[in-house]
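Overview (structure and organization)
Below, each chain spelled out in residue letters.
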Amino acid sequence: MTETNASPMERLPALARAELLASIAAKINALDDLEQMLATTLAQLNTAIPFTGGSVALIDGDELVIRAAYGPFAAAALGQRMARNHGPSWRVIDTGEPFLSGDVIAEGGRPTSPFRSYLAVPLYWHDQIFGLLEIDSPAIDAFTADDRALLQTVAALLSGPIALQHQIRALKHEVAERSRAERRLSAQYRATRILAEAATFPDAAPLILRTMGELLDWDVASIWCVDHHRGQLRCTSFWRAHHLRLDDFEQATRQGALAPGEELPGRVWASGHATWISILEHERTFPRLASATSAGLQSAIAFPIRSQHELFGVVELLSQARHAPDEMLIQTLTALGEQMGQFIERRRAQIERQRSEESKSAILQAALDAIITIDHQSRILEFNPAAERIFGYRRDAVLGRTLDEVIVPPALREAHRRGMERYLATGVGNIIGKRVEMSAMRADGRQFPIELTVTRIAASDPPMFTGFIRDITERQRAEAMQRFLGQASHTLALSLDYQTTCQRIAQLVVPRLADWCLVDMLGDNETLHQLAVAHIDPSKAELARELRRRYPPNPRTRHPIWRALQTGKSILVGDVGDLRHLSRYAEAQRLLGELGTCAYMVVPLRARGRTIGAISLVAGTSGRRYTPHDLALAEELARRAALAIDNARLYEEAQAAIELRDEFLSIASHELKTPLTTLLGHIQALQRRLLRAAPPILGERDRRALSIIEAQALRLNKQISNLLDVSRLQMGQFYIEPQPMDLCALAQRVVEELEPTLERHTIRLLSEQAPLPIVGDEQRLEQVLQNLLQNALKYSPDGGTITVRLEHQGQHVVLRVSDEGIGIPETVQANLFQRFFRAPNVNERRIKGFGIGLYLIREIVARHNGSVEVSSVEGAGSTFTVRLPLSNAALPAPEGA
């Protein structure tokens with residue numbers, strides 16, 4: 001290849017070359033939008049190198065994506081992806097070296113290539129290639145070595161800003177995704193708690209709607225229930241954000257009735273699946289559209305409330321913001337809909353069971369309860385079949401015998417006789433006409449709890465009495481089970497450390513359900529981790545650990561723990577008998593015998609459809625024999641325990657993710673600050689050399705370009721410093737160094753330094769008195785004042801007066817900064833000091849920023865025991881008020897005094 005064509009740069013003096021590079025650098029630093037920055041650079045570069053087409057392509061996985069293009073095919077090229085190949089573009093990426101070809105076709109390129117000359121240079125950041133800058137021309141030998149050098153210089157100017165933009169975008173995206181995930185999880189958790197504590201679905205519905213609206217950023221929420229009788233959906237619950245005025249829309253919703261397929265709720269009813277509308281105004285089959293759009297509602301989603309067998313209704317959410325479809329949110333809402341459906345189904349089943357039991361009780365009262373009739377001497381006159389079943393006597397074997405010798409326990413017999421004598425003497429009885437609980441005795445001598453109601457048979461003389469007796473053994477067992485499970489739920493909720501939770505599970509069941517207990521968690525690669533051991537004899541807990549260490553369960557055997565883990569089903573052995581089936585090792589059998597092993601249950605721990613571990617409950621010295629009732633209690637405990645363990649694991653994972661995010665933010669800020677500091681140092685050194693040069697080397701225009709580069713670099717340095725402060729706050733490493741100082745002197749200095757840079761604004765400093773002594777960190781309070789003033793300038797794009805007012809109020813110094821700018825909508829002022837928050841009217845005007853300045857102001861002021869607040873009217877300006885404690889400490893003497 002011969003380089004015959006002269007580059008335009010050869011015909012330009014060095015000053016023109018520097019002017020071009022300075023202009024490109026100024027544009028790069030002045031633009032915050034990546035695509036605009038790249039497009040502007042290509043356009044300016046074309047004024048120096050006569051190329052036909054040019055582009056900037058960045059690496060995305062195994063592809064190159066064109067992010068900016070220049071030339072006749074620019075529109076078609078934007079966004080195109082190029083898979084890895086052997087072409088010149090990927091050759092530059094793979095080798096890291098520039099590529100210059102005077103005739104691509106002659107060097108083996110495609111005969112149909114639209115260009116002949118091609119030049120590409122890599123984009124580097126910290127010795128890593130992340131893209132390339134390329135130009136082409138249909139002419140042969142269109143580019144020279146000087147063109148290559150110029151292109152490499154421009155690539156070096158582009159690399160840092162491109163890498164920074166990518167890192168900032170990635171960081172913002174990660175923070176936003178984490179926040180959305182946390183809010184989705186919180187909404188699901190709160191909805192679950194609401195359903196768990198509610199008696200009926202109408203009680204839970206308003207709270208669930210409010211939870212979804214507030215945590216998932218929707219402004220309006222309603223529930224539409226299916227009216228099967230009329231074949232319609234009707235709104236049964238409605239919620240809206242407190243700041244909205246939606247009277248017409250609310251009335252239309254509450255009074256509406258929808259058929260299948262009609263409007264958004266009707267479509268979900270008909271399809272059974274969640275449906276998302278990103279732009280509501282495009283919907284023409286929406287009778288409430290006029291009232292919705294007039295209220296500013298733009299996006300909507302609806303999802304079904306359903307169980308496995310039936311669809312009960314639809315939840316509709318609407319927002320004034322435009323939301324693109326979010327698959328993770330759809331999954332969360334679908335799961336919430338299924339939870340609500342399961343709740344409704346359970347409540348319906350409970351009501352049906354209650355009605356059925358009441359009906360049966362009315363019909364079969366006499367047949368289900370023991371009915372015993374006695375005379376005034378307590379002799380049994382009647383003993384019905386239910387009494388025979390309950391007490392274990394035949395009727396003919398008890399007739400004529402006294403009640404106390406048949407069913408009254410020995411300890412209560414004397415009280416029974418005295419009560420009968422008192423009633424016969426006075427007509428007053430302690431239990432007549434009342435429902436009481438007490439103990440009774442079966443034919444085999446075993447005692448059990450009963451519920452007893454005694455009535456006197458009318459017109460009987462001497463008196464006769466009928467007792468209605470119900471065996472309440474199962475009821476008391478169920479009540480004890482519920483008390484135990486309630487205590488267990490409370491205990492499991494005390495910690496979010498899952499290992500602590502496992503140990504509490506083991507301690508809960510000993511001795512309530514077992515003499516000793518093991519909790520095992522399933523790890524990766526079929527590994528089993530014993531996380532908790534408890535024994536009724538604490539000295540034997542270590543013996544159980546030794547048994548596990550020496551003889552761990554083998555997954556390839558029929559060991560009960562592995563059977564439960566692999567099948568997901570519980571195992572109940574009411575009587576072990578021979579220990580040999582538990583282990584073939586004599587020493588293991590000895591240890592099991594010493595621990596006490598007569599019966600056992602192994603219950604799997606299942607959460608979110610997967611088995612995560614198992615609880616082993618063993619009866620030993622107590623002689624307990626397990627029954628299906630015990631297994632049911634253990635399985636319910638395991639269900640709650642699995643949920644608690646899974647929640648604890650999720651919490652630990654979430655905390656770890658937050659720590660990783662904060663660590664990344666800190667590292668990224670430090671890494672970005674290092675090259676920026678170097679850049680600033682070189683720029684300032686260059687300016688000093690230029691000022692000392694005589695005659696001047698550069699003209700006014702070039703010096704201004706260097707000043708712009710320095711200003712933009714300082715701006716970037718401030719943004720990175722703010723990000724670093726956010727990182728320090730999150731990691732608990734943000735400190736202040738308070739000293740006696742004069743707030744009035746600080747304000748005067750900051751204003752005087754800022755005034756020479758103003759073009760369209762005026763700053764007015766008003767102070768009632770000076771000095772205004774406080775104890776504070778002067779550097780941090782200067783940061784507060786500079787941020788407030790910079791915000792006032794930025795959000796007053798049309799100029800105007802900015803007023804800084806200092807005054808003494810009681811025990812405080814009050815600093816107010818007021819502007820005449822765009823103001824802040826009242827509806828978002830409460831969120832203004834949150835991290836990364838930006839008001840909607842700021843985004844509409846394309847005013848750039850991270851949304852962390854006010855967050856830092858609030859944190860710095862709070863660490864000075866002060867407060868900050870805002871008052872604003874949209875379109876009329878804002879006032880930020882900072883209150884700091886006044887100090888009586890003496891101020892330091894001025895330097896040189």
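Above: the structure in question.
Scope of this entry: the structure provided in the associated data block. The shown structure was predicted, so the numbers you read here are calculated from the model rather than taken from an experiment.

1. Observations concerning the pairing of strand β18 (residues 516–522)
Most of β18 sits inside the fold, with six of its seven residues counted as buried. Count of turn residues in the β18/strand β19 (residues 528–535) antiparallel hairpin: five residues, of which N525 carries a positive phi of about 55°. Two strands pair when backbone bridges link them, and β18 and strand β22 (residues 610–619) are joined in this way by six bridges, in the antiparallel orientation. In the strand pairing of β22, M521 is matched with G613.

2. Examining the packing of aromatic side chains
What the rule picks out here adds up to nine aromatic pairs. Both rings, one in F51 and one in Y70, keep their centres 5.6 Å apart while their planes meet at 75°; by these two values the pair is edge-to-face. With a gap of 19 residues between them, F51 in the loop between α2 (34–46) and β1 (53–60) and Y70 in strand β2 (residues 63–70) connect regions that are remote in the sequence. Judged by its relative accessible area of 5%, F51 is buried. Between the aromatic rings of W218 and W276, the centroid separation amounts to 5.7 Å while the plane-to-plane angle is 70°, which identifies the pairing as edge-to-face. Of the two residues, W218 is situated in the loop between α6 (201–216) and β7 (220–227) and W276 in strand β10 (residues 275–277); the sequence distance between them amounts to 58 residues. Relative accessible area serves as the criterion here: at 2%, W218 is assigned to the buried category. Chaining the aromatic ring pairs together yields one cluster made of F99, F115 and Y118. Its end group placed over the ring of F448, R442 keeps NZ or CZ at 3.7 Å from the ring centre.

3. Concerning the sheet that holds strand β15 (residues 435–441)
If you trace the five strands from one edge of the open sheet to the other, you get β14-β13-β17-β16-β15, paired in antiparallel fashion. Unpaired on one side and paired on the other, β14 (380–383) and β15 mark the two borders of the sheet. The average undirected angle you get between the axes of adjacent strands in this sheet is 30°. Where strand β13 (residues 370–374) and β14 come together, three bridges link them in antiparallel fashion. Its bridge partner lying in β14, T373 is registered against E382. Sitting on the sheet, helix α14 (residues 410–426) is in contact with β13, β15, β16 (447–456) and β17 (465–471), with an inclination near 135° to β15. Its contacts with the sheet place helix α15 (residues 473–492) against β15, β16 and β17, and it is angled at close to 120° to β16.

4. Considering the sheet that holds strand β27 (residues 812–818)
Read across the open sheet, the five strands follow the order β24-β26-β27-β29-β28; overall the sheet is mixed. Of all the strands in the sheet, the pair left with one neighbour each is β24 (761–767) and β28 (867–873). Taken over all neighbouring pairs, the strand axes of this sheet differ in orientation by 15° on average, direction set aside. Alignment of strand β26 (residues 800–809) against β27, held across seven bridges, turns out to be antiparallel. Note on β27: the bridge partner recorded for H808 is V813. On the sheet, helix α23 (residues 778–794) packs against β24, β26, β27 and β29 (877–885) and is oriented at approximately 25° with respect to β27.

5. Things to note about the pairing of strand β12 (residues 311–319)
When you tally the buried positions in β12, you get nine out of nine residues, the bulk of the element. Relative to β12, β7 runs antiparallel, the two sharing six bridges. Note that in β12 the partner of W224 across the bridge is V314. The hairpin turn running from strand β11 (residues 299–306) into β12, its antiparallel successor, is four residues long.

6. Points about helix α7 (residues 247–255)
Where α7 is concerned, the buried positions are F249, E250 and T253. Within α7, the buried residues cover an arc of 100° as seen down the axis, which keeps them to one side. Structural note: α7 exposes D248 and Q255 on the side pointing more than 90 degrees away from its buried face. For α7, the secondary structure elements touched by its buried residues are β7, β8 (232–240), α9 (289–294) and β12.

Calculation notes
- Residues numbered from 1 in each chain as written.
- Predicted model: local features only at pLDDT ≥ 70, side-chain atom pairs only at ≥ 80, totals over all residues.
- Heavy atoms only, no water.
- Buried < 20%, exposed > 50% of the residue type's maximum accessible area, 1.4 Å probe, protein only.
- Helix = DSSP H or I, 4+ residues; strand = E, 2+ residues; numbered from the N terminus.
- Pairing = 2+ DSSP bridges.
- Phe/Tyr/Trp six-rings, centres within 6.5 Å; stacked < 30°, edge-to-face > 60°.
- Lys NZ or Arg CZ within 6 Å of the ring centre and 35° of its normal.
- Axes fitted to C-alpha atoms, helices over the stretch in contact; angles between N-to-C directions.
- Contact = heavy atoms within 4.5 Å.
- Arc of directions from axis to C-beta.

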